[in-house]
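# Notes for the structure review
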Amino acid sequence: MGFNLQNLEAALKAGRKYTYLPFSLHFFESVSSTNQTLWNLLNQGAISGTVVIATVQSAGRGQWGRQWISPVGGLYVSVAISLDHKIEATDSYQLTFATAWGIASQLRQCGVDVGIKWPNDLVLNGRKLGGILTETKVNKGQITQAVIGVGINWTNPVPETGINLESWQASQDFRPISCLEMLTSTVLLGIESGMECLCREGVKVLLSRYLDLLINMGDRVYVNNLSGTVVGVTPQGNLRVDLETHETKELITPEIYIEPGTISLGYHKSSV
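Presented here is a report on the structure given in the accompanying data block. Within each chain, residues carry numbers counting from 1 in the order of the written sequence. Only residues with pLDDT of at least 70 are given local features in this predicted model, and only at 80 or more are side-chain atom pairs given and counted; all residues enter the totals for whole chains, interfaces and linings. Only hydrogens and water are set aside; all other atoms, that is, all heavy atoms of the structure, feed into the side-chain values.

### Side note on the overall build of the protein
- Put simply, DSSP marks the helices as runs of H or I at least four residues long and the strands as runs of E at least two long, and each gets a number from the N terminus on. Each helix and strand in the protein was counted, giving six helices and eleven strands.
- Two things to know: the radius of gyration comes from C-alpha atoms, and the globule rule equals 2.2 Å times the number of residues to the power 0.38. Relative to the globule expectation of 19 Å for 272 residues, the C-alpha radius of gyration of the protein, 19 Å, shows essentially globular dimensions.
- Seen through its principal axes, the protein has C-alpha atoms that stretch 65 × 50 × 35 Å.
- Each residue's exposure class comes from its accessible area (1.4 Å probe, protein chains only) as a fraction of the maximum for that residue type: buried when under 20%, exposed when over 50%, partly exposed otherwise. Going through the 272 residues of the protein one by one, you find that 51% of them count as buried.
- Considering only intrachain contacts with a sequence separation of at least 6, the fraction spanning at least 24 residues in the protein is 64%.
- Total accessible area computed for the protein in this model is approximately 12,700 Å², and 50% of it derives from carbon and sulfur atoms.
- When charges are counted, Lys and Arg contribute as positive and Asp and Glu as negative, whereas His and the chain ends are disregarded. Lysine's charge is taken at NZ, arginine's at CZ, aspartate's at CG and glutamate's at CD. Separation between the mean location of the 20 positive side-chain charges and that of the 23 negative ones in the protein comes to 3 Å. Any two residues having at least one pair of non-hydrogen atoms within 4.5 Å are treated as being in contact. All accessible-area figures derive from a Shrake-Rupley calculation using a 1.4 Å probe, and residue coverage is judged against the displayed protein chains alone.

The following block contains the structure:
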């Protein structure tokens, strides 16, 4: 069963409340990575809102240079974003947070109980449903252009820590996402709503919404043999952890910030 762009266009048209991004859809059977293909299109003059979708990626990329295994049956999509307001290069995680919150909230509106695992994973039943990779171009310390890549498990095989949407739907009384095109539309509308929230309502509103869906709030973590509790996320993407102090004279709990990639939080049952 091939991918039907007309079905996707119809689903997008039906689902859009506003048009913040002028989606221009490009479908490929196989690419090295959807992000790289999209950067190539941007170098040839493509504009914000350009979308690359692929059936298979031969060299998919994950966070921190990891390989993203991309077998047939998954959704692999990248979207180009040009920013009409200034975002510092150091704040690039705001784009990832906007995407994660937007997609999770769209799926939740469909009845799929998705949560977010810091910083960039979409989680269902405590297992990884998808991930996000944001890449940026920077000029004079500010982001001028971004490509947001999203991979979501649809019918593809997954590792033990993963879950695909169709197997989850098979265990439910209903099937909210009927086809890959509908999933793609839901993801694109989620990215659009996340960007709109960030650009129109600001990072404070976005972060509060992101934290509402973050499965790690209240998690116990260990940093340099000290125990702490996850209490939030900074606008730069760092995890906020309150360290426990065992000195009775101490009245305050020191808070530390942990950069993405320095600790792994693991997976657990979603409580959102």
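### What to know about the packing of helix α3 (residues 93–110) against helix α6 (residues 203–212)
- Fitted lines through C-alpha atoms give the axes, limited to the stretch in contact for helices. The angle between two N-to-C directions lies from 0 to 180 degrees. The interhelical angle for the contact between α3 and α6, taken along N-to-C directions, is 50°, at an axis separation of 10 Å. Considered as vectors, α3 and α6 are oriented oblique to each other. For the crossing formed where α3 meets α6, the hand is left-handed. The segment α3 lies against α6, with Q94, F97, A98, A100 and W101 engaging V203, L206, L207, R209 and Y210.
- Nonpolar residues are Ala, Val, Leu, Ile, Met, Phe, Trp, Tyr, Cys and Pro. Charged residues are Asp, Glu, Lys and Arg, and all others, Gly as well, are polar. Within the contact of α3 with α6, the residues separate by chemical class into eight nonpolar, one polar and one charged. Any angle from 65 to 115 degrees is called roughly perpendicular, while one under 35 is roughly parallel, one over 145 is roughly antiparallel, and all others are oblique. In a left-handed crossing the near helix is turned counterclockwise from the far helix by less than a right angle, and in a right-handed crossing that turn is clockwise.

### Comments concerning the sheet that holds strand β6 (residues 127–139)
- One requirement defines pairing of two strands: DSSP has to find at least two bridges between them. Read from one edge to the other, the open sheet built from seven strands follows the order β1-β2-β3-β7-β6-β5-β4, with strand pairing classed as mixed. Looking at which strands have only one partner, the edges of the open sheet turn out to be β1 (24–31) and β4 (115–117). Geometrically, the sheet is characterised by an average inter-axis angle of 25° between neighbouring strands, direction not taken into account.
- Relative to strand β7 (residues 142–152), strand β3 (residues 75–82) runs antiparallel, the two being bridged by eight bridges. Looking at the pairing, L75 lines up with I152 of β7.

### Things to note about the sheet that holds strand β11 (residues 255–258)
- What the four strands build is an open sheet, ordered β8-β9-β10-β11; its pairing is antiparallel. Two strands close off the open sheet at either side, each with one partner strand: β8 (220–223) and β11. The average undirected angle you get between the axes of adjacent strands in this sheet is 45°.
- Bridge analysis of strand β9 (residues 226–233) against strand β10 (residues 239–243) gives five bridges, and the strand direction is antiparallel. The partner of V230 across the bridge, within β10, is V241.

These figures capture arrangement, not role.
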